[in-house]
Amino acid sequence: MRWIIGTGKDITVDINQVQARRNYIQSVTSAEVSDWSFIKVGGQICKEYLCCTSNDGIDGTFITAHIGDVYKLCALREIYMGKFVVANTCIWEKMSHKKLLSNMKFFNQDIVLWFAKQELSIDGNMIFRQSTTLNNKGTFGFQTSLSERELFKNRRKGIMEAIKESFVHVSPILLLGD
């Protein structure tokens, strides 16, 4: 499984938090995890994102980044051709989770998308947004979302079951309340 994080200071913060995140991944997957490295896009090194891989045989991607970055990453063949994506990010604009799923399903009808659990917040322009705040650094040594903390709690059920219980499945169908 691929694990990608944005390299902006609000997500990676510092090298200690990046290493703590790798340790977390190892504990939730119970698999060996590669070192972090920059990803390659079109043969070019892209320093906007770090990636590591858990040696668990799972063909999916877990992304912790801002929603715009998640859109960019999910446009990459290596990601949208996998079995699933976990977006540990904010929905931010209404229906962005549905749009992201639709974009990926254009290329891969079988792709499944999960989003981090959202909280309602008000931005600087007094607009309601759905966001997932990274906080609670104490337990893991890096800032976590509610869904990441639940993933850790559910880890003994296996990574796929833990994802299903800790993140919100995005339905391709427009549901009441979306």
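Residues numbered from 1 in each chain as written. Predicted model: local features only at pLDDT ≥ 70, side-chain atom pairs only at ≥ 80, totals over all residues. Heavy atoms only, no water.

## As for unusual backbone geometry
Phase 1 of the analysis: Within the chain, Val13 stands out as a residue other than glycine whose phi angle is a positive 60°.
Phase 2 of the analysis: Tracing the backbone shows Val13 in the loop between β1 (2–6) and α1 (15–29).
Phase 3 of the analysis: Judged by relative accessible area, which is 22%, Val13 ranks as partly exposed.
Phase 4 of the analysis: Although it is not a glycine, Ser30 adopts a positive phi angle of roughly 55°.
Phase 5 of the analysis: In this fold, Ser30 is placed in the loop between α1 and β2 (37–41).
Phase 6 of the analysis: By relative accessible area, Ser30 is classed as exposed at 67%. (Helix = DSSP H or I, 4+ residues; strand = E, 2+ residues; numbered from the N terminus. Buried < 20%, exposed > 50% of the residue type's maximum accessible area, 1.4 Å probe, protein only.)

## Here we look at the pattern of salt bridges
Think of it this way: side chains of opposite charge can pair up when their charged atoms draw near.
Phase 1 of the analysis: On inspection of all chains with the given rule, the structure shows six salt bridges.
Phase 2 of the analysis: Between Glu148 and Arg21 there is a salt bridge, with its nearest N and O atoms 3.0 Å apart. Highlighted residues: Glu148 in helix α5 (residues 146–153) and Arg21 in helix α1, separated in sequence by 127 residues.
Phase 3 of the analysis: Residue classification places Arg21 among the buried positions, given a relative accessible area of 3%.
Phase 4 of the analysis: With a shortest N-O distance of 3.8 Å, Asp35 and Arg22 are connected by a salt bridge. One end of the pair, Asp35, is in the loop between α1 and β2; the other, Arg22, is in helix α1, with 13 residues separating them in the sequence.
Phase 5 of the analysis: Looking at Asp35, the relative accessible area reads 58%, which means it is exposed. (Salt bridge = Lys/Arg side-chain N within 4 Å of Asp/Glu carboxyl O.)

## Some words on the environment of Val13
Phase 1 of the analysis: Expressed as a C-alpha distance, the spacing of Val13 and Gln143, which sit 130 residues apart in the sequence, is 8.8 Å.
Phase 2 of the analysis: Other than its neighbours up to four places away in sequence, Val13 contacts Gly8 and Gln143. (Contact = heavy atoms within 4.5 Å.)

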